[in-house]
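# Structure at a glance
Letter by letter, the chains look like this.
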Amino acid sequence: MDFKELEDKNLLRFIKLPLMISKESIIDTFSRILKDTITSFNPNVLVIDSITPILKVIGNDIEARATLQNTLIEFSKLINGLTVLIHEVEGGGDGLGDVGFVSDVVIFTSCKVVNNLVLRSMEIRKSRGSPTRIAKIGFAIEDGEGIRVFLPPLLKEIPAPDYTKPHKHPCKSLDRKIGSIYPGELIFILHPTLAYIDYILAYITLIAIIYRGRVLVISYIIPPQHMIYGIRRGFERITAGVSITEELLSNYVRIEGLNPSAYLPEESMYEVLKLLREYNPDLIVFIGTPPLGITSTITEADYKDLTMNIILYLKKLRIATLIIDDHDVELVKSLSDIYIKVKSTSRSKVFRVPRVLVEVVRRGEAPYTVTLKDFILCAKDVRKTLKSVKESITK
């Protein structure tokens, strides 16, 4: 935010008050200057940053503190808007005294260093007339946006998947056994060693091209350039030689990598939300379970809370979500609409497809098994489908 530009547009007025050591002088000067400015500028929001020097000068003087308290109340009525007091404190107390007593809302912000990273949080210590469901929550400071806070969604806010917009598979065999993918669904693929991740991402890319969709891939394990190479290689193999350029791939798929050691789990979650706002995908793919897996920075309970919150938030936005992990995460499995378990066996020498056994469980339906025969039929279907989209791929 450019404060100089806002001042030039007369949207903001900045006043620097002089420091004083006299109790009477500081309150009198403070009251007079602010009252004159409010009268001439007529603001909707008044921010006093900070009120700490005034409180330190008046100390425990009851009369001076009462005068300051009355002055702040008068200012709030005068602007008929919002008055924000910023106070710097040491230790765990708030140090506001009577000023805190007359405040409608008191928010205590703090930060601490965890594994050499900064963890910021805010605590609502008072909220007059408003029920407080969450007392303490983490926040992030983003360049150009300021403070970002993520509020966990309520289950009653989560809509059902949008069953009016099915995304069918280009393979009849997979569409028959796995079924269409709907906006808002969660698919969890348990894939030990991630051996065939290239084929999975290449197949997703093909679906994106067919439906002109947008896919956001976020990896906590594999670097983005490795995935780009793998997708192009996998795409060429499942399509029997049709190549896709890196430029064309970027039209449909955005690939991002988040280093687990560079973010706290809370910060990682905010990065995911930022990417969602920027790219607005139809499908989001996580390589590794969000936010980062269980690390030494949080307890397993906190990890489960963060993971559930991000999954429910994506369901609320009705964004189809695919999580691919080499560990069977029970929480993700329980929230999944489709659970797929990949078992590697060997490679087919006849067809350029992996020889795997895939178990599929869709919520509310009997389990299915996808065999090598289904993959062979799928490969044939893909090549037929390519005839209608090949021109856009090879441009």
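Counting from 1, residues in each chain are numbered in the order their sequence is written. Per-residue local features of the predicted model are confined to residues with pLDDT of at least 70, and side-chain atom pairs are confined, for both listing and counting, to 80 or more; whole-chain, interface and lining totals are unaffected and use all residues. Side-chain measures were taken over the full set of non-hydrogen atoms in the model, leaving aside hydrogen atoms and water.

### So, the overall build of the protein chain
Rules: Only DSSP runs of H or I covering at least 4 residues are called helices, and only runs of E covering at least 2 are called strands; the numbering of each starts at the N terminus. For every residue, the accessible area (1.4 Å probe, protein chains only) is compared with the maximum for its type, and the residue is labelled buried under 20%, exposed over 50%, or partly exposed between those bounds. The contact criterion used is simple: two residues touch if any of their non-hydrogen atoms lie within 4.5 Å. All accessible areas in this document rest on Shrake-Rupley with a 1.4 Å probe, and a residue is counted as covered only by the protein chains that are shown.
Tallying secondary structure elements over the protein chain gives 13 helices and 14 strands in all. The buried share among the 395 residues of the protein chain stands at 45%. Taking as baseline every contact in the protein chain between residues at least 6 positions apart, the subset at least 24 positions apart corresponds to 67%. Carbon and sulfur atoms form 53% of the exposed surface of the protein chain, whose accessible area is close to 21,700 Å².

### Looking at the confidence of the model for the protein chain
Selection rule: Values of pLDDT, which run from 0 to 100, indicate the predictor's confidence residue by residue.
Taken as a whole, the protein chain shows an average pLDDT of 81; of its residues, 88% reach a score of 70 or greater. Confidence over residues 292-296 falls short of pLDDT 50; this stretch has eleven contacts with residues more than four positions distant or in other chains.

### A closer look at the environment of Val342
Looking at the element boundaries, Val342 is found in strand β12 (residues 338-347). For Val342, a relative accessible area of 11% gives the class buried. Between the C-alpha atom of Val342 and that of Val358, which follows or precedes it by 16 residues, the distance is 4.6 Å.

### Let's talk about the nonpolar core
Applied cut-off: Take the buried Ala, Val, Leu, Ile, Met, Phe, Trp, Tyr and Cys residues and link them wherever side-chain atoms come within 4.5 Å; each set so joined is a nonpolar core.
By size, the foremost hydrophobic cluster in this structure holds 50 residues, and its most contacted members are Val285, Ile287, Ile324 and Ile340. Top contributing element to this core by residue count: helix α7 (residues 197-211), with eleven residues. Beyond its immediate sequence surroundings of up to four residues, Ile287 is in contact with Leu194, Ile197, Leu201, Val217, Ile218, Ser219, Tyr220, Ile221, Ile222, Met227 and Ile324. Core analysis: the second largest hydrophobic core is formed by 30 residues, Leu186, Leu190, Leu273 and Ile319 among them.

### Points about the side chain of His191
Put simply, the test is: Polar contacts, as used here, are pairs of N or O atoms within 3.5 Å; protein pairs need one atom able to donate a hydrogen and one able to accept it. Residues neighboring in sequence count only if both atoms are side-chain atoms.
With respect to the helices, strands and loops of the structure, His191 is situated in the loop between β7 (186-190) and α7. Residue His191 is classed as buried on the basis of its relative accessible area, which comes to 0%. In this structure the side chain of His191 is engaged in a polar contact, spanning 2.8 Å, whose partner is the backbone nitrogen of Tyr196. Excluding residues within four positions of it along the chain, His191 makes contact with Tyr196, Ile197, Ile200, Ile324, Asp325, Asp326 and Val342.

### Section: the state of the cysteines
As a reminder, the rule being used: Two cysteine sulfurs form what is called a disulfide whenever their separation falls within 2.5 Å.
A complete count under the given rule lists one disulfide for this structure. Residue Cys171 pairs covalently with Cys378 via a disulfide, S to S 2.0 Å. Disulfide Cys171-Cys378: the torsion about the S-S bond is 45 degrees, which places it as right-handed. Of the two residues, Cys171 sits in the loop between β6 (146-149) and α6 (172-177) while Cys378 sits in helix α13 (residues 372-394), which places them 207 residues apart along the sequence. Looking at Cys171, the relative accessible area reads 0%, which means it is buried.

### Brief notes about the environment of Glu330
Locating Glu330 in the fold gives a position in helix α12 (residues 330-335). Relative accessible area serves as the criterion here: at 53%, Glu330 is assigned to the exposed category.

### Details of a nonpolar patch on the surface
Just so we agree on the cut-off: Within this analysis, patches are made of residues with over 30% relative accessible area and no salt bridge. Like charges are joined at 9 Å or less; nonpolar side chains (Val, Leu, Ile, Met, Phe, Trp, Tyr) at 5 Å or less. Here a salt bridge means any side-chain nitrogen of Lys or Arg lying within 4 Å of a carboxyl oxygen belonging to Asp or Glu.
Taken together, the side chains of Val45, Val47, Leu82 and Ile86 make up a nonpolar region of the molecular surface, amounting to roughly 330 Å² of accessible area. Elements that contribute at least two residues to the nonpolar patch include exactly β1 (45-49) and β2 (82-86). Under the relative-accessibility criterion, Val45 is labelled partly exposed at 46%.

### Quick word on unusual backbone geometry
Despite not being glycine, Asn10 has its phi angle at roughly 60 degrees, a positive value. Within the secondary structure, Asn10 is located in the loop between α1 (3-8) and α2 (23-41). In this structure, Asn80 is a non-glycine residue whose phi angle is positive, near 50 degrees. Position of Asn80 relative to the elements: it lies in the loop between α4 (62-79) and β2. Overall, Asn80 belongs to the exposed group, its relative accessible area being 70%.

### So, the packing of aromatic side chains
In this description, a pair of aromatic rings is defined by centroid distance and the angle of the planes. Condition: Stacked, edge-to-face and tilted labels apply to pairs of Phe, Tyr and Trp rings (six-membered ring for Trp) whose centres lie within 6.5 Å, assigned for plane angles under 30 degrees, over 60, and everything in between, in that order. By definition, being over a ring means that NZ of Lys or CZ of Arg is both within 6 Å of the ring centre and within 35 degrees of the ring normal.
Tallied over the full model, the rule gives five aromatic pairs. Taking 6.4 Å as the distance between ring centres and 0 degrees as the angle between the ring planes, the aromatic pair formed by Tyr220 and Phe286 counts as stacked. You can see Tyr220 sitting in the loop between β8 (215-219) and α8 (224-238) and its partner Phe286 sitting in strand β10 (residues 283-287), a full 66 residues away along the chain. As far as burial versus exposure is concerned, Tyr220 and Phe286 are alike and both buried. Lying across the ring of Phe108, Arg125 places its NZ or CZ 3.9 Å from the centre. The lysine or arginine in question, Arg214, covers the ring of Tyr279, its NZ or CZ lying 4.1 Å from the ring centre.

### Points about the sheet that holds strand β5 (residues 136-142)
Strand pairing within a sheet occurs via backbone hydrogen bonds; the two strands may be parallel or antiparallel. Keep this limit in mind: Strands qualify as paired when DSSP identifies two bridges or more between them. Interaxial angle, 0 to 180 degrees, is taken between N-to-C directions of lines fitted to C-alpha atoms, where a helix line uses only the stretch in contact.
What the four strands build is an open sheet, ordered β3-β4-β5-β6; its pairing is antiparallel. The open sheet is flanked by β3 (105-114) and β6, the only strands paired with a single partner. Between one strand axis and the next, the sheet turns by 35 degrees as a mean value, whatever way the strands run. Both strand β4 (residues 117-127) and β5 contribute to a ladder of three bridges, which runs antiparallel.

### Quick look at α8
Three- or four-residue spacings in an α-helix give side chains the same orientation, since the helix completes a turn every 3.6 residues. Note the cut-off: One fewer than the residue count of a helix, multiplied by 1.5 Å, yields its expected span. Arc definition: it is the arc formed by the directions from the helix axis to the C-beta atoms.
The terminal C-alpha atoms of α8, which comprises 15 residues, lie 21 Å apart, in line with the 21 Å expected from a rise of 1.5 Å per residue. When α8 is considered as a whole, its buried residues turn out to be Met227, Ile228, Gly230, Ile231, Gly234, Phe235 and Ile238. Buried residues along α8 cover an arc of 170 degrees about the axis, so they all sit on one side. Opposite the packed face of α8, turned more than 90 degrees from it, sit the exposed residues Gln225, His226 and Tyr229.

### What to know about the pattern of salt bridges
Here the structure, examined in full by the defined rule, presents 16 salt bridges. Residue Arg362 is joined to Glu185 by a salt bridge in which the shortest nitrogen-to-oxygen separation is 2.8 Å. Placement of the pair is Arg362 in strand β13 (residues 354-362) and Glu185 in the loop between α6 and β7, with a sequence separation of 177 residues. Comparing Arg362 with Glu185 shows no difference in burial state: the two are buried. The partner of Arg233 in a salt bridge is Asp198, and the shortest N-O contact between them spans 2.4 Å. Within this pair, whereas Arg233 is found in helix α8, its partner Asp198 is found in helix α7, the two being separated by 35 residues in sequence.

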